[in-house]
Amino acid sequence: MVPFAFARPATLSETFAVLDEHGDEASLLAGGTDLVIELRNRSRRPKVVIDLKRVAELRPGISERGGWLTITATTAMTDVQENALVQMWFPALVDAAATVGSVQIRNRATLAGNMCHASPAADTAPPLLVYGAVVNVASARGARRVKLDEFLVGPRQTVLQRGEVVTSIDLPIATERRAATFVRITRRRGVDLATVSLCCLVDASGSTRFAYGAVGPRPFLVADETGALSDPSADDESKSTVLRALLEQASPISDVRGSREYREAMLLVMSRRALLSSIERLGAA
Amino acid sequence: MRIHVTVNGSEHDVETEANMTLLDFLRDGLRLTGTKECCAVGECGACTVLVDGRAVNSCLMLTAESDGGEVTTIEGLAAGGKLSVLQDAFLASGAVQCGFCIPGQVVAAHHLLARNPHPTLDEVKEGLSGNLCRCGGYMQICAAVVAAGRANR
Ligand code: FES
Ligand code: FES
């Protein structure tokens, strides 16, 4: 690791001051499970690392207010997994958080960090996308809210501007009946990145949303509002036609985890399975 | 920078470089070499320690992050010179081959048992999925943890 200074702001305004002073030469540290690797392999050489874990406004926490569930920036995956409100309203997010890395990783890695790192394979992105997550961003100039679908730009790229910090992630609590399923293929069970991951959400009004990870430069969200997919009586062939059209956005590549052809084949199979399971769960709910 | 950290019950008030991992601090600074370095990227679990009661990969933490916290390493698990029930179970099950992964396995299993005192075999596999054993002694390792859970009853 190249030497760097270590800043431990106690408040958001102190954080903005350090960020404004150092700009691109500062790296934000939450759980550190991605950052420390990049520091060690020197793909990042910041002048200063800013630890967000002592910022009063960003303390770990999951709270409900005005129809939204808010998960603060330093909340670890383990806390997301174990939270009763997340379990009740966003079970597919629990399933996805439970697949991140290992127990040791989940005890440190944060949900917000998983989004800011913006890996195309980020495990928690597909459920956050189908649940309609909104990212709260703040800087010395003020705060703004960005839909997660717009927040993620490309591999390792988000809309975050110089001086900005993600303060929390908001999830809208649905009043309508709905069910979601997260599925993921990996080469082995623990500590592996997804070959393909996806989340499918069906709601009582008949709309179906899919979000996909690891099959494009960024996780992406698509929807069928016609009701064709969620109709339990529709035949498989017509559903597959709709699914194929939704999957046109997927642009999987070949890498060590799987070939493009394998990913393409699995996308349809997994989408069908997740859809079936979501319809079943909706019926049982 | 100056930090204050409690390791295995003893307090340390030390000067540390910002770019030093907790793993290097434990091994090189405090000479607690039970904690192992292997992959150094969070994949093998050989460097597992407890920080404020939670199992973490010490290779992915900066020492400065532990300021004000409590760290427990493998050296801190035996009380009064007596091995813990879990450590005894590792010996009794023949779970230790070359031994390199074992400190990490034991600390991860300790954390698992603290949260789930009587885990099933599947729960043990899931709980230890962040710990690799290059000798491939997984069956004995998992059996040891299940046995320790039974002995806890
Ligand atoms: S050395 Fe830390 S996980 Fe492998
Ligand atoms: S006992 Fe040799 S690596 Fe596990």
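Calculation rules
- Residues numbered from 1 in each chain as written.
- Chains lettered and ligands numbered in written order.
- Predicted model: local features only at pLDDT ≥ 70, side-chain atom pairs only at ≥ 80, totals over all residues.
- Heavy atoms only, no water.
- Helix = DSSP H or I, 4+ residues; strand = E, 2+ residues; numbered from the N terminus.
- Rg over C-alpha atoms; globule rule 2.2 N^0.38 Å.
- Pairing = 2+ DSSP bridges.
- Axes fitted to C-alpha atoms, helices over the stretch in contact; angles between N-to-C directions.
- Contact = heavy atoms within 4.5 Å.
- Buried < 20%, exposed > 50% of the residue type's maximum accessible area, 1.4 Å probe, protein only.
- Salt bridge = Lys/Arg side-chain N within 4 Å of Asp/Glu carboxyl O.

A. Molecular detail of the overall build of chain B. Looking only at helices and strands, chain B has five helices and five strands in total. Reading the secondary structure of chain B in the N-to-C direction produces β-β-α-β-β-β-α-α-α-α. At 15 Å, chain B has a C-alpha radius of gyration in line with the 15 Å of a compact globule built from 153 residues. Principal-axis analysis of the C-alpha atoms places the extent of chain B at approximately 45 × 30 × 25 Å.

B. Geometry of the sheet that holds strand β1 (residues 2-7) of chain B. Residues and elements named next belong to chain B. Pairing is mixed across the open sheet formed by five strands, whose spatial order is β2-β1-β5-β3-β4. Both edges of this open sheet fall to β2 (10-15) and β4 (54-57), since each of them pairs with a single strand only. Averaged over all neighbouring strand pairs, the angle between strand axes comes to 35°, with direction disregarded. The pairing of β1 with β2 spans six bridges and is antiparallel. Within β2, the residue paired with His4 across the bridge is Asp13. Running at roughly 100° to strand β3 (residues 48-51), helix α1 (residues 22-29) makes contact with β1, β2, β3 and β5 (70-72) of the sheet.

C. Expanded view of unusual backbone geometry. Even without a glycine there, the phi angle at Arg156 of chain A is positive, about 60°. Looking at the secondary structure, you find Arg156 of chain A in the loop between β8 (152-154) and β9 (157-158). For Arg156 of chain A, a relative accessible area of 54% translates into the label exposed. Positioned with a positive phi, Asn8 of chain B is a non-glycine residue whose angle comes to about 50°. Checked against the element boundaries, Asn8 of chain B lands in the loop between β1 and β2.

D. Summary view of the pairing of strand β12 (residues 196-203) of chain A. All names here are of chain A. Within β12, eight of the eight residues are buried, which leaves the element mostly enclosed by the surrounding structure. Side chains Val196, Leu198, Cys200 and Val202 of β12 all project onto a buried face; the interleaved residues Ser197, Cys199, Leu201 and Asp203 project onto the opposite face, where all are buried too. One ladder, built from eight bridges, connects strand β11 (residues 178-185) with β12; its direction is antiparallel. Counterpart to Arg178 in the pairing with β12 is Asp203. Bridge analysis of β12 against strand β13 (residues 208-213) gives six bridges, and the strand direction is antiparallel.

E. The arrangement of the pattern of salt bridges in detail. As enumerated under the stated definition, the model contains 19 salt bridges over all chains in all. Residue Arg106 of chain A is joined to Glu126 of chain B by a salt bridge in which the shortest nitrogen-to-oxygen separation is 3.8 Å. Remark: Glu126 of chain B occurs in helix α4 (residues 121-127) and Arg106 of chain A occurs in helix α6 (residues 103-106); the pair is interchain, linking two chains. Asp123 of chain A is paired through a salt bridge with Arg184 of chain A; the nearest N and O atoms lie 2.7 Å apart. With Asp123 of chain A in the loop between α7 (111-117) and α8 (125-130) and Arg184 of chain A in strand β11, this residue pair connects regions lying 61 residues apart in the sequence. For the residue pair Asp123 of chain A and Arg184 of chain A, the accessibility class agrees, reading buried in each case.

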